[in-house]
Amino acid sequence: MTTAAPLIGLIDLAVATGHHVVDLGDLAVATGVDPAKYHVGIGQDQMSVLAPDEDIVTMAASAAAPIIERHGAERIRTVLFATESGIDQSKAAGVYVHQLLGLPSGCRVVELKQACYGATAGLQAALGMVARNPQEQVLLIAADNARYDVDSPAEATQGAGAVAMLIGTDPALLAIEPVTGVHTADVDDFWRPNDRSTAVVDGRLSVTAYVDSLLGAWDDYRAHGGLDADEIDRFCLHQPFTRMAAKAFKQLTQHTGVSRDDTAIASTFAYNRRVGNSYTASLYLALAAVLDTEADVAGRRIGFFSYGSGSVGEFFTGVVQPGYRAALRPGAVMAQLDARVPLDVPAYRKIHAGAVLPSETDAKNPHVTTAPYRFAGIVGRARRYEHTSS
Ligand code: CAA
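Residues numbered from 1 in each chain as written. Predicted model: local features only at pLDDT ≥ 70, side-chain atom pairs only at ≥ 80, totals over all residues. Heavy atoms only, no water.

Reading across from one edge, β5-β4-β6-β7-β1-β8-β13-β12-β11 is the order of the nine strands in this open sheet, with mixed pairing throughout. Single-partner strands in this sheet number two, and they are β5 (108-112) and β11 (234-237). Strand after strand, the sheet turns through a mean of 25 degrees between neighbouring axes, direction not considered. Running over the sheet, helix α5 (residues 118-132) touches β1 (8-17), β4 (76-82), β5, β6 (137-146), β7 (159-169), β8 (174-184), β12 (301-308) and β13 (312-320) and is turned about 175 degrees from β6. (Pairing = 2+ DSSP bridges. Helix = DSSP H or I, 4+ residues; strand = E, 2+ residues; numbered from the N terminus. Axes fitted to C-alpha atoms, helices over the stretch in contact; angles between N-to-C directions. Contact = heavy atoms within 4.5 Å.)

Let us look at the nonpolar core. L10, L13, L123, I167, L173, L174 and L287 are the most contacted members of the largest nonpolar core, which has 44 residues in total. Sorting elements by how many residues they give to this core places helix α9 (residues 282-293) first, with nine residues. Apart from the residues lying within four places of it in its own chain, the contact partners of I167 are I8, G9, L10, I11, L123, A126, L127, V130, E136, Q137, V138 and L140. Ranked by size, the runner-up nonpolar core spans 38 residues in total, among them A28, A209, L214 and W218. (Core = buried A, V, L, I, M, F, W, Y, C linked by side-chain atoms within 4.5 Å. Buried < 20%, exposed > 50% of the residue type's maximum accessible area, 1.4 Å probe, protein only.)

Attention now goes to the pattern of salt bridges. Counted under the stated rule, the structure contains 16 salt bridges. D151 is the partner of R349 in a salt bridge, and the nearest nitrogen-oxygen pair spans 3.1 Å. Here the residue R349 occupies a position in helix α11 (residues 345-353), and D151 occupies one in the loop between β6 and β7, the gap between them amounting to 198 residues. Its relative accessible area of 22% is what places R349 among the partly exposed residues. (Salt bridge = Lys/Arg side-chain N within 4 Å of Asp/Glu carboxyl O.)

In the vicinity of the ligand lie 25 residues, with K37, R204, S206, H238 and K247 positioned nearest. When atoms are counted within 2 Å of each cavity's grid points, the one that captures over half of the ligand is the second largest pocket. A per-element tally of the shell around the ligand places helix α6 (residues 203-223) first, with four residues. For the shell around the ligand, the class distribution of residues is 13 nonpolar, seven polar and five charged. (Near = heavy atom within 4 Å. 1 Å grid on protein atoms, 1.4 Å probe; cavity = no way out; pocket = protein on both sides within 12 Å on 5 of 7 lines; lining within 4 Å. Sits in = over half its atoms within 2 Å of the grid points. Nonpolar A, V, L, I, M, F, W, Y, C, P; charged D, E, K, R; others polar.)

When two helices pack together, you describe them by how their axes are tilted relative to each other and by the distance separating the axes. At a minimum axis separation of 9 Å, helix α3 (residues 56-71) and helix α4 (residues 93-100) run at an interaxial angle of 45 degrees. With respect to each other, α3 and α4 are oriented oblique. The way α3 lies across α4 gives a crossing that is right-handed. Residues I56, V57, A60 and A61 of α3 pack against A93, Y96, V97 and L100 of α4. Partitioned by chemical class, the residues of the contact of α3 with α4 number eight nonpolar, no polar and no charged. (Parallel < 35°, antiparallel > 145°, perpendicular 65-115°, else oblique. Left-handed = near helix turned anticlockwise from the far one by under 90°.)

With that out of the way, let us pick up the packing of aromatic side chains. All told, the structure shown has 14 aromatic pairs when counted by the stated rule. Judged by centre distance (5.4 Å) and plane angle (75 degrees), the ring pair of Y210 and F305 falls under edge-to-face. With Y210 in helix α6 and F305 in strand β12, this pair connects stretches of sequence that are 95 residues apart. We classify F305 as buried; its relative accessible area is 0%. Considering the side-chain rings of W218 and Y221, the 5.3 Å spacing of their centres and the 40 degrees angle between planes classify their relative orientation as tilted. (Phe/Tyr/Trp six-rings, centres within 6.5 Å; stacked < 30°, edge-to-face > 60°.)

So, about the side chain of H238. Structurally, the position occupied by H238 is in the loop between β11 and α7 (242-256). Within polar-contact distance, the side chain of H238 engages the side chain of S282 at 3.0 Å. (Polar contact = N/O pair within 3.5 Å; in protein donor to acceptor, adjacent residues only side chain to side chain.)

Time to look at the side chain of Q239. Here Q239 shows up in the loop between β11 and α7. Relative accessible area serves as the criterion here: at 1%, Q239 is assigned to the buried category. A distance of 3.0 Å separates the side chain of Q239 from the side chain of T268, its partner in a polar contact. Leave out the neighbours within four places in its chain, and Q239 touches A245, T268, F269, N272, N277, S282 and A286.

The sheet contact formed by β4 and β5 spans five bridges and is parallel. Its bridge partner lying in β5, V79 is registered against V109. The parallel pair β4 and β5, bridged by α4, forms a crossover whose chirality is right-handed. (Right-handed = clockwise from strand over helix to strand, strands pointing away.)

Right, let's talk about the environment of A339 for a bit. Residue placement: A339 occurs in helix α10 (residues 332-339). Judged by relative accessible area, A339 falls into the exposed class, the value being 56%. For the pair A339 and V21, spaced 318 residues apart in the sequence, the C-alpha separation amounts to 9.3 Å.

Okay, here's the thing in structure tokens:
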């Protein structure tokens, strides 16, 4: 007699973003652009901006802390930190998070990178680890600070955010299904070389590369036993800006021949419209929006498309679990978004210009953030972080 494999997936999920917000209407006025281009043409309303004493580590720790508070850390043997805005070419950003959260030393910590796809690579790795050792849980954190040059077409598609997820058996939120479709193509659509803190992007190429990757990953998903499109209730597609996902979804429906109305994707946009691009976190922020803002999606199957420029894409599915609403934190994300401190365009650009501290000398950051963790500065040739609410 064979026993059914245990369900594995998301036990918990929590979100953090930056201290500041810039209204894209203000950016449009300041740069002589019709605001409708941002609100309608790219489907964005605001973008989160980090205070000088915030970075991917502080967002990641803030996102993960409520998960540790609720579930403890006894079963966490692995921390996977996915980012494409890394702060060190060597040490994993997750090691700082491990210390800030007081996680046990019997734990492995590693950083993953493949543009915005990194968190999905982490999810697949976590599923494998848990399948091999079902007693263990993996803390998976996606955190990014999306920065482009000012006055570039990409300026309005910046943002910052982190999503922390606890992966294990008995997933209270979402069980991830085994079939997956993958697609890799060497494309020069996006580049952040080591001498730059902002990304260089070929916007037009990136849009076509995204759609090619979606259709390629979908075909691979189907070739490996994936479901028909009409068996999938919601589609969470990577959201560098929400209109990108909407346009790509239209292409997918044409490709599959299954026409769908807006209810299949509309709820996925609620948070990303206000956070902006959070790169590898953005797909999971879209999931958070579905779970938080829809009345009841228990039993519904969600299709996910993860895209990382360069490029790697993956299509997979998950089923929302019965009783999932009891595992949510109602209103928590909206409260964070509403609490952000607005910046006018000159003030945001001043922060943008000073975002990188030199490594050769000590530098202390001003106290700005009200988040539980802050990046104090570089002292004695090391990054220093503080738990502010202790
Ligand atoms: N009212 C309504 N709509 C308007 C408008 C107005 N007044 N003015 C323009 N628009 C519409 C345009 O018609 C266009 O819509 P369509 O695509 O349907 O034609 C849309 O607004 C955008 O206008 P443009 O194409 O002229 O915009 P742009 O060239 O100035 O910038 C962009 C767009 C190239 C995507 C730029 O934002 C960019 O480079 N962004 C960063 C790259 C990116 O996010 N790429 C996405 C795929 S890559 C990826 O997914 C990985 C990742 O996270 C980066």
